[in-house]
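# Coordinates in review
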Amino acid sequence: LYTNITYYIYAEDIQNNSKKAGPFNYTVSDNDPPEVINSSRYPINPGPLDDVKINISISDLSGVKKAQLFYQVNGSGGFNAVNMTLYSGTIYNGIWNGTIPAQVNGTKISYYFNISDNFDNFVVHPSIYYYGYCVGQDDINAPIVNFTTIYPSNPSYQNVVMIRTSVNITAE
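Residues numbered from 1 in each chain as written. Predicted model: local features only at pLDDT ≥ 70, side-chain atom pairs only at ≥ 80, totals over all residues. Heavy atoms only, no water.

### Section: the nonpolar core
For the record, the criterion: Note on terminology: a nonpolar core comprises buried Ala, Val, Leu, Ile, Met, Phe, Trp, Tyr and Cys residues joined through side-chain atoms within 4.5 Å. Accessibility here uses a 1.4 Å probe with only protein chains present; expressed as a share of the type maximum, an area under 20% marks a residue as buried, one over 50% as exposed, and anything in between as partly exposed. Any pair of residues with heavy atoms lying within 4.5 Å of one another is described as a contacting pair.
One finds I56, L69, I100, Y111, F113 and I115 to be the most contacted residues of the largest nonpolar core, which totals 20 residues. In this view, L69 contacts I54, N80, A81, V82, M84, G98, T99, I100, Y111, Y112 and F113; residues no more than four positions away in its chain are not counted.

### Comments concerning unusual backbone geometry
Under the convention used in this document: Each helix is a run of DSSP H or I of at least 4 residues and each strand a run of E of at least 2, with the numbering of both proceeding from the N terminus.
Across the junction of G22 and P23, the peptide omega takes the value 10°, indicating a cis bond. Note that P23 resides in strand β2 (residues 18–28). The step from H125 to P126 runs through a cis peptide bond, and the omega angle for that step is -10°. Position of P126 relative to the elements: it lies in the loop between β10 (122–125) and β11 (131–134). In this model, N16 sits at a positive phi of 65°, which is unusual for a non-glycine residue. Its place among the elements puts N16 in the loop between β1 (3–12) and β2. Positive phi, normally seen in glycine, also occurs at D120, with a value near 65°. For D120, a relative accessible area of 52% puts it in the exposed group.

These results come straight from atomic positions and should not be treated as a statement about function.
Below, the structure is given as structure tokens:
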């Protein structure tokens, strides 16, 4: 999944003397993990008969190889894995979809995503907290910082750094 670039340099002066140098080579690879643009769920406040559709918008230069949704029921036991499918767009910039099955009233669900690209770079999102909801109840969550991304991911003192964050604030 690396791209090898071969190029030549042609130079000519004002007296029409010319020179060809090369070939020169370099390799292009993707070292950045996929970027999560945003995520959503429907319904926002699910009832006990509702499957919950989870969407996540992902961008990556080499393309998303795998997007997984992991959810946990009532904060105990392991997380259940759901392989997400490309819902719209492309593997380079698309919306991926997964479903958490209906749960009984009062069930608390926590979930997060693990996304890898075609160079095996990966991101766990959100990186610190889980998303969550409670079945059959209106909004019970305080504002949640969904994600913060820093670009470049390993800046030097000479870089301009872009920081992007997303916060969920819901009415109670």
